[in-house]
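Next come the chains, spelled out residue by residue.
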Amino acid sequence: APAAGAAPVAEVAGAGTTREQALAADPRVRIDTPNLSGSISLVGGRIDDVALKHYRETIDPTSPLIDVLSPAGTKAPYFADFGWLSDAGAPVKVPGPTTQWTAPADAAVSVGHPVTLTWDNGEGLVFERTVSVDDRYMFSITDKVKSTGDKAATVYPWSALSRHGTPETAGYYILHEGAIGVFGDDGLQEIKYKDLKDKQKIEPSRVAGGWIGFVDKYWASALIPEAKAKVQPRFAATAGVGGRPDVYQTLMLGDGLAVAPGASVSFETRLFAGAKEVAAVDGYADKFGIAKFDRLIDWGWFYFLTKPLFVLISWLHQHVGNFGIAILIVTVFIKGIFYPLASKSYDSMSKMKKVQPEMKELQAAYKDDRQKQQQALMELYKREKINPLSGCLPILIQIPVFFSLYKVLFVTIEMRQAPFYGWIHDLAAPDPTTVFNLFGLIPWTPPHLLMLGAWPLVMGVTMFVQMKLNPPPPDPTQKIMFDWMPVLFTFMLASMPAGLVIYWTWNNLLSIAQQSWIMKKNGVKIELFDNVRGMFGRRPPAAS
């Protein structure tokens, strides 16, 4: 057994200094690739400085780059550690968080140019750490122990990701942010920070392969051990005391490796630290055979719809150059797929329109007997093969697709800061305008509740028009509900991604055109304006 059951946790004394000050405190080896910049601390041999060259905090091109990993001493330390634990029965000196490693002068880690760090324990063991990186977000860390003495030793490889302080999360129930891992037959495990803090420590069964890490909405870090190596994964949390922050860790401890005199052993661990780009994540899953690595992106329960929908939108984007236009084209595809069902629904509504005079006669005949009135109406519906709830069907059949598109817009980084046209500069963010300051004419920023933008208003109008194409429900309660539904949806979608609102608006327009054509084909008068006037006009006097 190893002398310690877990990886050591680095101290973060002096937290709150600037990033520049924290980086200047230790000697470092630069990281420079087409997608990443940063450095490795020679104190501890820790990868703790990784920034994304092509992602910024806002759409402002001068805003700060996104930092995936941050060194101890900053506001939110977040780093990857690697090392060895000694055997409890025959302990040897191993490197720790404060070990001073050495590296070649002016060394820099870049694509095709690894760097080897070295530390001699002075007791016959030399430790080497070779760090390489590809052109995206995957590091490869090979830890090697060479014996230069005459004594055998047993060492246990470990790796850990540590986050100091509880990270800010988007806070949406449809998105997982926190610890994550895949371990053999245990499958995918997702643990929120609060749950991890409450449970303190979770140890899945010892497995071969798998991966473990942390996920944010768009960024992630993950440790991937050698495919055939057996490891003990662990999720852990340590409550902060004395003003120190809580610490969250994901760790992996490997089996003991015997180092014979004059021999050497090594262990390789991969570290993903970057943006959750679908192509990159899927590529790593295929290239290295990493089980369920694509679940680093939270595709949700409707995985079978959400991911194919993204693939289709992404493919169209490559051809049309705009994700918004791609979404509009996908909407046309979806309408085509659901056309038979929608056509049947609209046919039923057209029949209902034709029997409106008979319905009014039945309502007048049984105005004092509600039960008989409903029975008579049901017989009429049955005879004419009418489904009175068919008006809801076009909306209901969209819900799974709507939710899947919501997930695509919400969780995929490809949609982040993707522009449309006009004032929509980020399809993944809500419409930034609001009617309550006359769409920016008044220099006042309303509270979040009053952020009712132009696109949500257009969506509400199109939904209102679509519903007014249908005959009003005979039940007064249902009629009130249908009248207020567009208003409710307008406010609901106001805070949702603009891309989703644009999809819903365009879908409504297609539905209006489709329904109008079917009604005309069936010889049914389109009484849109009559229905609208009926909302404000007086009711005709009851027959005597």
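Here the structure is shown first, and the text comes after it.
Residues numbered from 1 in each chain as written. Predicted model: local features only at pLDDT ≥ 70, side-chain atom pairs only at ≥ 80, totals over all residues. Heavy atoms only, no water.

Student: Give me the overall build of the protein: which residues, what numbers.
Tutor: Scanning the protein for helices and strands turns up 14 helices and 20 strands. Across the 544 residues in the protein, those meeting the buried criterion constitute 50%. Summarising the internal contacts of the protein: among those between residues at least 6 apart in sequence, 66% fall at separations of at least 24. Entry remark: accessible area of the protein is about 26,000 Å², with carbon and sulfur atoms responsible for 60%. (Helix = DSSP H or I, 4+ residues; strand = E, 2+ residues; numbered from the N terminus. Buried < 20%, exposed > 50% of the residue type's maximum accessible area, 1.4 Å probe, protein only. Contact = heavy atoms within 4.5 Å. Areas by Shrake-Rupley, 256 points an atom, 1.4 Å probe, with all protein chains shown as cover.)

Student: Describe the pattern of salt bridges, listing the residues and the values that go with them.
Tutor: Summed over all chains, the structure comprises 15 salt bridges. The partner of Asp-246 in a salt bridge is Lys-197, and the shortest N-O contact between them spans 2.6 Å. In this pair, Asp-246 sits in the loop between β17 (230-238) and β18 (247-254) while Lys-197 sits in helix α2 (residues 193-199), placing the two residues 49 residues apart along the sequence. The class of Asp-246 is buried, set by a relative accessible area of 14%. In this structure, Lys-307 and Asp-294 form a salt bridge, with 3.2 Å as the shortest nitrogen-oxygen distance. Of the two residues, Lys-307 is situated in helix α4 (residues 303-320) and Asp-294 in the loop between α3 (278-288) and α4; the sequence distance between them amounts to 13 residues. Just as Lys-307 is buried, Asp-294 falls in that class too. Linked by salt bridges that have partners in common, Arg-19, Asp-49 and Asp-67 make up one network. (Salt bridge = Lys/Arg side-chain N within 4 Å of Asp/Glu carboxyl O.)

Student: Please provide a residue-by-residue account of unusual backbone geometry, values included.
Tutor: Backbone geometry places Asp-106, a non-glycine residue, at a positive phi of 60°. As for its position among the elements, Asp-106 is in the loop between β5 (78-86) and β6 (108-109). The phi torsion at Leu-438 lies on the positive side, around 55°, for a residue other than glycine. Leu-438 gets classed as partly exposed once you look at its relative accessible area, which sits at 47%.

Student: Kindly report on the layout of surface pockets, identifying the contributing residues and their values.
Tutor: Estimated volume of the second largest pocket: approximately 1,400 Å³. Ile-66, Glu-168, Thr-169, Asp-216 and Trp-219 are the residues nearest the centre of the second largest pocket, which is lined by 40 residues in total. Taken together, the elements giving at least two residues each to the lining of the second largest pocket come down to β4 (65-69), β10 (153-164) and α10 (399-411). A per-element tally of the lining of the second largest pocket places β4 first, with four residues. Classifying every residue of the lining of the second largest pocket gives 18 nonpolar, 11 polar and 11 charged. (1 Å grid on protein atoms, 1.4 Å probe; cavity = no way out; pocket = protein on both sides within 12 Å on 5 of 7 lines; lining within 4 Å. Points joined across faces, edges and corners; volume = space filled by probe spheres on them. Nonpolar A, V, L, I, M, F, W, Y, C, P; charged D, E, K, R; others polar.)

Student: So, the nonpolar core: which residues are in play, and what are the values?
Tutor: Most often, soluble globular proteins keep nonpolar side chains buried together rather than apart. Within the largest apolar cluster, 118 residues are counted, with the highest numbers of intra-cluster contacts made by Ile-47, Phe-139, Leu-271, Phe-272, Phe-293 and Ile-313. Counting residues per element, this core draws most heavily on α10, at eight residues. Beyond its immediate chain neighbours, meaning those up to four positions away, Phe-272 contacts Tyr-137, Met-138, Ala-220, Ser-221, Ala-222, Ile-224, Val-281, Tyr-284, Phe-293 and Leu-296. (Core = buried A, V, L, I, M, F, W, Y, C linked by side-chain atoms within 4.5 Å.)

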